[in-house]
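# Coordinate analysis (summary)
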Amino acid sequence: MAHLSARFSLGDWREEGGLPYLADAQANIFCSVAERWRYGTHSIFVGQVEAVRADAELDPMVYLDGRKGRFAMA
């Protein structure tokens, strides 16, 4: 992916819909921008989830609603 900057030179980076993602990550969440707010020198983005890619062979521990647990991909 020659057009991506040097920060993407390590890892198995791929592209989907013009967006780079790390192919060997536990999960990738692809979003469209639903809202954007400026705050000082920063921007805050709220994304609308469009697609999720997950490695079905991994069994990650998650933290949700004050509890730790595991989840299964359907």
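Our subject in this report is the structure included herewith. The residue numbering used here restarts from 1 in each chain and proceeds along that chain's sequence as written. Per-residue local features are limited, in this predicted model, to residues with pLDDT of at least 70; the limit for side-chain atom pairs, both in listing and counting, is 80 or more; totals at the level of whole chains, interfaces and linings are taken over all residues. In computing side-chain properties, one takes all heavy atoms of the structure into account and sets aside hydrogens as well as water.

Attention shifts here to the overall build of the chain. Strands here mean DSSP runs of E at least two residues long; helices mean DSSP runs of H or I at least four residues long; both are numbered from the N terminus. When its secondary structure is counted, the chain shows zero helices and six strands. Three exposure classes are used, based on accessible area relative to the maximum for each residue type with a 1.4 Å probe and protein chains only: buried under 20%, partly exposed in between, and exposed over 50%. Each of the 74 residues in the chain was classed as buried or not, and the buried ones make up 8%. Calculation of accessible area relied on Shrake-Rupley with a 1.4 Å probe; when residues are assessed, cover is drawn exclusively from the protein chains displayed. As displayed, the chain offers around 6,500 Å² of accessible surface, 53% of which is attributable to carbon and sulfur atoms.

Turning next to the pairing of strand S5 (residues 61-64). Here, strands pair whenever DSSP counts at least two bridges between them. Pairing of S5 with strand S6 (residues 67-70) involves four bridges; the strand directions are antiparallel. Residue Met-61 lies in a different strand from S6, and its bridge partner there is Arg-70. Between the end of S5 and the start of S6, which pair antiparallel, lie two residues, with Asp-65 showing a positive phi angle near 50°.

Attention now moves to the packing of aromatic side chains. Side-chain rings of Phe, Tyr and Trp (the six-membered ring for Trp) are treated as a pair once their centres are within 6.5 Å; stacked means planes under 30 degrees apart, edge-to-face means over 60, and tilted covers the remaining angles. With the rule as written, the count across this model stands at one aromatic pair. Ring geometry for Tyr-21 versus Phe-30: centroids 5.3 Å apart, planes at 80°, classification edge-to-face. Each member of the pair, Tyr-21 together with Phe-30, is buried.

This part is about the pattern of salt bridges. By definition, a salt bridge exists where a carboxyl oxygen of Asp or Glu is found within 4 Å of a side-chain nitrogen of Lys or Arg. Going through the model one piece at a time under the given rule, you end up with two salt bridges. Salt-bridge contacts for Asp-12 lead to Arg-14; the nearest nitrogen and oxygen are separated by 2.9 Å. The partly exposed category is assigned to Asp-12, whose relative accessible area is 32%. Salt-bridge contacts for Glu-16 lead to Arg-53; the nearest nitrogen and oxygen are separated by 3.3 Å. In this pair, Glu-16 is assigned in strand S1 (residues 13-16) and Arg-53 in strand S4 (residues 42-54), connecting sequence segments 37 residues apart. Assessed through its relative accessible area of 37%, Arg-53 is described here as partly exposed.

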